[in-house]
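Each chain, letter by letter, is given below.
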Amino acid sequence: MHKFQELKVWQKAMDMSVSIYRCTENLPNTEKFGLISQIRRSTISICSNIAEGAGRNTKGEFIQFLGIANGSAYELQTQIELAYRLTFLTKEIKDGLVAEIEEIEKMLYNLMKSLK
């Protein structure tokens with residue numbers, strides 16, 4: 001069992017979630033129950049699955065939840081790209097968010113690798 005609050009990947013994912021929430025505040029209200037909701041659920045899923053996995057009883061379970069978090073990161077990256085293509089985000093904002101997501105994906109991969 002790990003203290004999830006001490007995991008750098010969880011801390012980074014939490015920071016990114018704050019960034020995501022702030023940038024989605026500016027998306028059109030017509031997307032409140034569509035893309036905004038989906039983007040926010042994906043970013044929350046990353047943090048939550050890291051925390052849930054850390055609280056599990058075995059390394060195998062932890063790795064499984066880290067894999068789910070990684071899948072959510074790829075889902076989030078796709079949603080950010082869609083928001084950009086719909087001109088809801090500027091290239092600068094999109095590129096910054098994608099860089100954060102990719103860093104988290106690498107951190108998750110390395111953590112999973114270290115646990116095997």
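Scroll up to find the structure.
Residues numbered from 1 in each chain as written. Predicted model: local features only at pLDDT ≥ 70, side-chain atom pairs only at ≥ 80, totals over all residues. Heavy atoms only, no water.

(A) Molecular detail of the state of the cysteines. What the rule picks out here adds up to zero disulfides. Not part of a disulfide, Cys23 finds its nearest cysteine sulfur in Cys47, a span of 14 Å. When its relative accessible area of 12% is taken as the criterion, Cys23 is described as buried. (Disulfide = S-S within 2.5 Å. Buried < 20%, exposed > 50% of the residue type's maximum accessible area, 1.4 Å probe, protein only.)

(B) Main features of the packing of aromatic side chains. By the definition in use, this model includes one aromatic pair. A centroid spacing of 5.1 Å and a plane angle of 75° characterise the contact between Phe4 and Trp10, whose relative ring orientation is edge-to-face. Of note, Lys94 hangs over the ring of Tyr84, and the distance from its end group to the ring centre comes to 4.8 Å. (Phe/Tyr/Trp six-rings, centres within 6.5 Å; stacked < 30°, edge-to-face > 60°. Lys NZ or Arg CZ within 6 Å of the ring centre and 35° of its normal.)

(C) Focus on helix 1 (residues 8-24). Along its 17 residues, helix 1 runs 24 Å from first to last C-alpha, staying within 8% of the 24 Å computed at 1.5 Å per residue. Listed in full, the buried residues belonging to helix 1 are Val9, Trp10, Ala13, Met16, Ser17, Ile20, Cys23 and Thr24. Viewed along the axis of helix 1, the buried residues span an arc of 140°, placing them on a single side of the element. Across from the buried face of helix 1, at angles greater than 90 degrees, the exposed residues are Lys8, Asp15 and Arg22. Of the surrounding elements, those touching the buried residues of helix 1 are helix 2 (35-54), helix 3 (59-85) and helix 4 (91-115). (Helix = DSSP H or I, 4+ residues; strand = E, 2+ residues; numbered from the N terminus. Expected span 1.5 Å × (residues − 1). Arc of directions from axis to C-beta. Contact = heavy atoms within 4.5 Å.)

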